[in-house]
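Residues per chain, in single letters:
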Amino acid sequence: MIEHEPASGIFAGYAFGQAYDEMFAGAGRHRPHYAGIHERLCELPIELWRERQRAADMAFVTQGITFTVYGQAEGVERIFPFDLLPRLITAAEWATIERGLVQRITALNLFLRDVYHDGRIFQAGLVPRTLIRQCRHFRPEMVGVQVPHGCYLTVVGTDLVRGPDGRFLVLEDNLRVPSGVSYMLANRQIVKQVYPQLFERYHVRSIDQYPRTLLAHLREIAPEGCTDAKVVVLTPGVFNSAYYEHTFLAHEMAIDLVEGRDLLVHDNTVYAHTTGGLERVDVIYRRVDDDYLDPLTFQNDSTLGVAGLFNAYRAGRVTIANAVGTGVADDKAVYAYVPAIIRFYLSEDPILDNVETYLLDDPRQRAFVLEHLAELVVKPVGESGGYGMLVGPHSTAAQQQEMRDRILAHPRNYIAQPTLALSTAPCLVQDGVEARHVDLRPYVLCGRSITVVPGGLTRVALQRGSLVVNSSQGGGSKDTWVLGA
Amino acid sequence: MLSRVADNLYWMRRYIERADHIARVVGVNVDLVFDRAPADVARLWGRLLSALCAAPAWARVDRGGSGEALTDLMSIDAVASCFAAARENARQIRQHISGDMWEHVNGVHLALNDPARRAAWAEQPHEYFRTVREAAALFDAALNAGLARDEGWLFLQLGLFLERAGGTARLLTCQIREVWPAVGSEHGLDEQLEWICLLRACDALDLYRRRSGAELQQDRILRFLIADPLSPRSLRYALDHTSRALAVLAARVPDQPPIVLASGLTAAIDSAQAEGSDLAALVSAIEAECERIHRTLYETYIDHRRWAAPVAPREAPWTTP
Amino acid sequence: MDYTVTHVTRFQYQGPVHESLMEVRLGPREDGCQTVQSFDLSTTPAATVFRFVDAFGNDVHQFDILPPHQQLIIQTRMQVRTSPTRALPERLDPSAWGALERLHADGQLWDYFEPSPRVPVSLAVAAFVEAYGLVRASDPLTCFRRIVAVVYGGLVYAPASTTVDTPLDSVLQMRRGVCQDFAHVTLAVARAFGIPCRYVSGYFAPTVEQPVAQNLTSHAWVEAWLPGLEWTALDPTHDILVSEHHISVAVGRDYGDAAPTRGVFRGGPAGPLSVLVRIERGAGDASTGEMLFPPPVAASAAPPAGTSSGQ
């Protein structure tokens, strides 16, 4: 550890607590790999940093990198707040993360195939079949359906957190339509644009190959016999909160961005309406939920989908990525079984551990949780975006009572976890640099093989002390640097 | 490219051109009716309404109003709905247009719906005409500077020229019908003024003067507006560019049958004699040809697999107040 | 017994319809109780027909018609041999209840234990059970039989008193319905007692003097899964054992999964729906002769735009 003066100057407001800090091992003692950042923070006046931060904010605005926040009167377009200071991960730390993610996603793919075919893991008594059948995202239509190369998961965003002991843990898997990758790419681009000197002395692994890699994997899972697959991105349209990301990815991959109304199914084949006539579509990277994909098979009032799409999919005439029905594995109750899932299919111990999780369907665990609501985090199993959860230590008695009622009404719908002290990282604030809680969402791409993009979205809880990092609830993000060896 | 994207690009351009046309034409007419006798005023506004295909909508409205009522009631709403439609088209294909283009459409759309600004414009209509015309010009500049000359570009060109040709053709038809032939060769100052205003309405007064001299002769003016191959405001020019765009489109999209301009039309334009009835028929033929190309464009590239009744008619956006 | 069933469905539309996609569940089933000699399906306008097996094991035929049309006719013709009625034991061992509970706890036959869209959990069902003094009998077979008898006695069969969309609670309130409703009520009560059971759609050819019966409709009944017996079929509309006169065609959690046709289209809106079912003993007449449709059924009240529901 490099000795330095005790916390002063711009670090005067930096709070050290129970959480692991990404930059500091203790007051005044920064970690070796942060030396370069630390030096720049010390040598440049805070006004200059603020200026660069403003330039970065303006870059987001002028480039129109937005998302839409719901829960308000009209969908408001917001810029996802960005903090200029990158979050660093050493090569050694990343190696573990990468191996852990490859292992986890491999096991989840095998699990999905098993769930929709033989059900060996149920017969082995390791995962209750009832748990899976109760899951809202289980699709009976997928039973027996062959998926190209057994690849149910093409794009995965697994959320990681670092605990007080410095180890990375898996917080949750996002296996349906994970988003945020456009921010990951935009963050890097904007830091390069606004403060390129920051990269001096660092070998930061690149991430801009993400769109190319995704396209390659999508092509790999094209239907059998298909040469020169036509790949499209299916978006719900301009009113979707992640619309910008859909347009961004389609543009970067140089493929068409389509809506349901641009496609039709004829004789079990999917076509796009183009100026040149009907053009066959082979692979659909869909950002539309299962429910809305096909009014013939799923919700029949959906205008976002394509009638007959699922039948074409079942017949192997088109590939849908991610596969239909993957939500059964990102249910938060199923999450608790993932370590057992890894062991069952791979005969290996998990490289990345889960956060301790209580299943509220189990009477004993439920009793414990209800008694300790004020200390725990309770989450609904099927939601994303941080909605509907209770953060015990930050909640009122009334909120706890409401959650208690909801748990008792539908225990299967909730899980609980200890309040984690997420690791903290330095963020630029008004007068200097302060610690804020962060997590990490790396993106894993699968086709015939698995690629983990070196980096990811580091999400920040922008308010001092807050643990909620989700964009829809006031979080922000940072550029994530995975350092070369 | 996706049919829907082509569709949106095409209509976005048509609506902006239409808005520009309405603002310009109404603005010119406001000047034209200044200090004229009431009977004249009524006749001139009547002619304008025909040219803008707005007569049916106006018939539904109380006629007690004066010219000012027409201006603010009719044109602001009409222009506003053009911009609203253009903005909606643009929004749907946001990723295919530049940021500047979006800004110009969106900015004017918001202004046109701002009650404070509308009130100010009711007092000073020329301010409003200027705002709209500027926005359209900036939009055009951004389009030309910011977009690659790809397939989408061709639909933008077609939208522009088909709309422009249609607008000019209708102005000409109404003018020829009413003002031509005048009795005798001596034309009163008022009639002269009407011809000047026609040129201004087509945004071609300066062009005409530079090409044909200062003398305002009806036959020269008509031939200029119909047949001059070098002036960007003539029907001939619009048809030439339409034809060229169609040819490039056919080459880019070989799976579809090419669309060609009716044979002989260009020759007919070039050899048109300055005689009123022939000219009226010719202009009608040009207008009909533009309609045909529009329909065929749709059938060939956009609607070719859909058999539903057309989406809500995209004709003149006259809303009954 | 050998039967030939001809089933013609005619959709008429008030406006031209295009991009119509349809799934047909009218293929006869090969289960223990019947074998299929032949099955044909044709459409007018013509279309390429594809086959797949759905989540409930039904043979589904699917096709699409893109160009505009104002009516669609689907004709199926099947030759099937039904087995003689299977005799059932008088009762089962009471331990059969435990076997069912274990199956449920293990997540087996999940679809058939749990409530389904048209057979939801309902207070009206509980009231019905109480009103008729139904209790869990000593064994599931006896219980199932008793439920069927009570439903038969408690509901009045009244043609055209309900539509495909009439909710379960309305049926229980009116205490009238058609075979679909008799089946749904039976399913609701049986599931409430922990018996896994499913909806069966098909045809009922009553013993007739003449070899041909026309102007029939689809019929519906119920199958319960019982230990040792597996799928056991009873017909609550007639309070009889399902016999060689029943021809089964599709199964599911309720009508929704087994609907004879399911489709979406653009344009329309939907107009009258006409159905003709003809059942003949034996190999049947190759020509269908004059197909006179019975009076059409009006389109269901306010169907979702661009959706057609089956008869």
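The shown structure was predicted, so the numbers you read here are calculated from the model rather than taken from an experiment.

Brief notes about the overall build of chain C
Part 1: Looking only at helices and strands, one finds seven helices and 16 strands in chain C.
Part 2: For chain C, buried positions account for 53% of its 311 residues.
Part 3: For chain C, the proportion of contacts with a sequence separation of at least 24, taken over those separated by at least 6, is 76%.
Part 4: When the accessible surface of chain C is summed, it comes to about 12,800 Å², and 55% of that surface belongs to carbon and sulfur atoms.

A short note on the confidence of the model for chain C
All names here are of chain C.
Part 1: Model confidence for chain C is summarised by a mean pLDDT of 88, while 88% of its residues fall at 70 or above.
Part 2: Element-level mean pLDDT values for chain C span from 36 in strand 16 (residues 307–309) up to 97 in helix 6 (residues 179–192).
Part 3: In this model, residues 298–311 is a region of pLDDT below 50 whose contacts with residues beyond four sequence positions or in other chains number 33 contacts.
Part 4: Reported for the predicted complex are a pTM of 0.89 and an ipTM of 0.90.

Observations concerning helix 11 (residues 218–227) of chain B
Residues lying three or four places apart along an α-helix face the same way, a consequence of the helix completing one turn every 3.6 residues.
Part 1: A large share of helix 11 of chain B lies buried, amounting to seven of its ten residues.
Part 2: The complete set of buried residues in helix 11 of chain B reads Q218(B), I221(B), L222(B), F224(B), L225(B), I226(B) and A227(B).

Remarks on the domain arrangement of chain A
The accessible area lost on association of the parts is a frequent measure of interface size.
All names here are of chain A.
Part 1: Segmentation of chain A into domains returns domain 1 (92–185 + 193–346) and domain 2 (356–418).
Part 2: The centre of domain 1, based on its C-alpha atoms, is set 28 Å off from the matching centre of domain 2.
Part 3: Taken together, the 14 residues of domain 1 in the interface contact eleven residues of domain 2.
Part 4: Where domain 1 packs against domain 2, one counts one salt bridge.
Part 5: Note that D331 and R412 form a salt bridge whose closest N and O atoms lie 3.3 Å from each other.
Part 6: Counting every contact that joins domain 1 to domain 2 gives four residue pairs in polar contact (both at pLDDT 80 or more).
Part 7: Those elements that provide at least two residues to the side of domain 1 that touches domain 2 are helix 5 (129–134), strand 7 (168–174) and helix 10 (332–335).

Here's the deal with the nonpolar core
Part 1: With 253 residues, the main nonpolar core has L41(A), W49(A), F111(A), Y210(A), F83(B), I226(B) and L297(B) as its most contacted residues.
Part 2: Among the elements that take part in this core, helix 1 (residues 3–33) of chain B stands out by supplying 17 residues, more than any other.
Part 3: Once residues within four sequence positions are removed from consideration, W49(A) is found in contact with R40(A), L41(A), L44(A), L84(A), L85(A), Y195(A), L198(A) and L428(A).
Part 4: If you look at the next biggest cluster of nonpolar residues, it comprises 72 residues, including Y13(C), I147(C), V164(C) and I247(C).

What about the interface of chain B and chain A?
Part 1: Taken together, the 18 residues of chain B in the interface contact 17 residues of chain A.
Part 2: Taking both sides of the interface into account, the surface hidden between chain B and chain A amounts to around 1,600 Å²; carbon and sulfur atoms contribute 48%.
Part 3: Broken down residue by residue, the surface that chain B buries against chain A is led by L2(B), R4(B) and R91(B), which jointly contribute 37%.
Part 4: The tally of links from chain B across to chain A stands at two salt bridges.
Part 5: For E259(A), the salt bridge goes to R4(B), with nearest N and O atoms at 3.3 Å.
Part 6: Of all the elements, helix 1 of chain B adds the most residues to the side of chain B that touches chain A, at three residues.
Part 7: Class assignment of the residues belonging to the side of chain B that touches chain A gives a composition of six nonpolar, six polar and six charged.

A word on the environment of L72(C)
Residue and element names in this part refer to chain C.
Part 1: Positionally, L72 belongs in strand 5 (residues 69–82).
Part 2: Judged by its relative accessible area of 0%, L72 is buried.
Part 3: Separated by 55 residues in sequence, L72 and V17 place their C-alpha atoms 9.5 Å apart.
Part 4: With residues near it in sequence (within four places) discarded, L72 still touches T9, R10, F11, Y13, M22, T44, P45, F63 and I65.

Focus: helix 12 (residues 235–252) of chain B
Part 1: Its 18 residues place the ends of helix 12 of chain B 26 Å apart at the C-alpha level, agreeing with the 26 Å of an ideal helix rising 1.5 Å per residue.
Part 2: Residues of helix 12 of chain B that are buried: L235(B), R236(B), Y237(B), A238(B), L239(B), H241(B), T242(B), A245(B), L246(B), L249(B) and A250(B).

Brief notes about the side chain of S231(B)
Part 1: Turning to its location among the elements, S231(B) is positioned in the loop between helix 11 and helix 12.
Part 2: Beyond its immediate sequence surroundings of up to four residues, S231(B) is in contact with R211(B), F224(B) and Y237(B).

A word on unusual backbone geometry
Part 1: Here the amide bond leading from A321(A) into N322(A) is cis, since omega sits at -10 degrees, within 30 degrees of zero.
Part 2: Structurally, the position occupied by N322(A) is in the loop between strand 14 (319–321) and helix 10.
Part 3: Residue P269(C) follows G268(C) across a cis peptide bond; omega there is 10 degrees.
Part 4: With respect to the helices, strands and loops of the structure, P269(C) is situated in the loop between strand 14 (261–267) and strand 15 (270–281).
Part 5: If you check the backbone angles, A254(A) has positive phi at about 55 degrees while not being a glycine.
Part 6: Note on placement: A254(A) falls in the loop between helix 8 (243–253) and strand 9 (256–258).
Part 7: Note on A254(A): relative accessible area 69%, which makes it exposed.
Part 8: In this structure, D239(C) is a non-glycine residue whose phi angle is positive, near 55 degrees.
Part 9: Tracing the backbone shows D239(C) in the loop between strand 11 (230–235) and strand 12 (240–241).

Digging into the pattern of salt bridges
Residue and element names in this part refer to chain A.
Part 1: Enumeration according to the criterion identifies 63 salt bridges over all chains in this entry.
Part 2: Here R139 ties to D290 by a salt bridge, and the two come within 3.5 Å at their closest N and O atoms. Highlighted residues: R139 in the loop between helix 5 and strand 6 (155–162) and D290 in the loop between strand 13 (283–286) and helix 9 (309–314), separated in sequence by 151 residues. With respect to class, R139 is no different from D290; both count as buried.

Digging into the packing of aromatic side chains
All names here are of chain A.
Part 1: Across all of its chains, the model carries 31 aromatic pairs over all chains by this definition.
Part 2: Ring centres of Y14 and F16 lie 5.2 Å apart, and the angle between their planes is 40 degrees; this geometry places the pair in the tilted category.
Part 3: Overall, F16 belongs to the partly exposed group, its relative accessible area being 36%.
Part 4: Where Y358 meets F368, the ring centres are 5.2 Å apart and the plane angle is 40 degrees; that geometry is what we call tilted. Taken together, the residues span a long stretch of sequence, with Y358 in strand 16 (residues 358–359) and F368 in helix 12 (residues 363–371) at a distance of ten residues.
Part 5: Three or more aromatic residues link up through ring pairs in this structure, and these residues are F11, Y14, F16 and F24.
Part 6: A cation over an aromatic ring shows up here: R52 above the ring of Y195, its NZ or CZ 4.1 Å from the ring centre.

Concerning the sheet that holds strand 22 (residues 443–446) of chain A
Residues and elements named next belong to chain A.
Part 1: Sheet architecture is open: five strands sit in the order 15-7-6-22-23, paired in mixed fashion. Each having just a single partner strand, strand 15 (353–354) and strand 23 (450–452) make up the two edges of the open sheet.
Part 2: Where strand 22 meets strand 23, three bridges bridge the pair, whose relative direction is antiparallel. Note on strand 23: the bridge partner recorded for L445 is T451.
Part 3: Each of strand 6, strand 7, strand 15, strand 22 and strand 23 touches helix 3 (residues 91–115); the most contacted strand, strand 23, lies at about 145 degrees to it.

Conventions and cut-offs
- Residues numbered from 1 in each chain as written.
- Chains lettered and ligands numbered in written order.
- Predicted model: local features only at pLDDT ≥ 70, side-chain atom pairs only at ≥ 80, totals over all residues.
- Heavy atoms only, no water.
- Helix = DSSP H or I, 4+ residues; strand = E, 2+ residues; numbered from the N terminus.
- Buried < 20%, exposed > 50% of the residue type's maximum accessible area, 1.4 Å probe, protein only.
- Contact = heavy atoms within 4.5 Å.
- Areas by Shrake-Rupley, 256 points an atom, 1.4 Å probe, with all protein chains shown as cover.
- pLDDT = per-residue confidence, 0-100.
- Domains from an automatic or database assignment.
- Salt bridge = Lys/Arg side-chain N within 4 Å of Asp/Glu carboxyl O.
- Polar contact = N/O pair within 3.5 Å; in protein donor to acceptor, adjacent residues only side chain to side chain.
- Core = buried A, V, L, I, M, F, W, Y, C linked by side-chain atoms within 4.5 Å.
- Buried area = accessible area lost by both parts, 1.4 Å probe.
- Nonpolar A, V, L, I, M, F, W, Y, C, P; charged D, E, K, R; others polar.
- Expected span 1.5 Å × (residues − 1).
- Phe/Tyr/Trp six-rings, centres within 6.5 Å; stacked < 30°, edge-to-face > 60°.
- Lys NZ or Arg CZ within 6 Å of the ring centre and 35° of its normal.
- Pairing = 2+ DSSP bridges.
- Axes fitted to C-alpha atoms, helices over the stretch in contact; angles between N-to-C directions.

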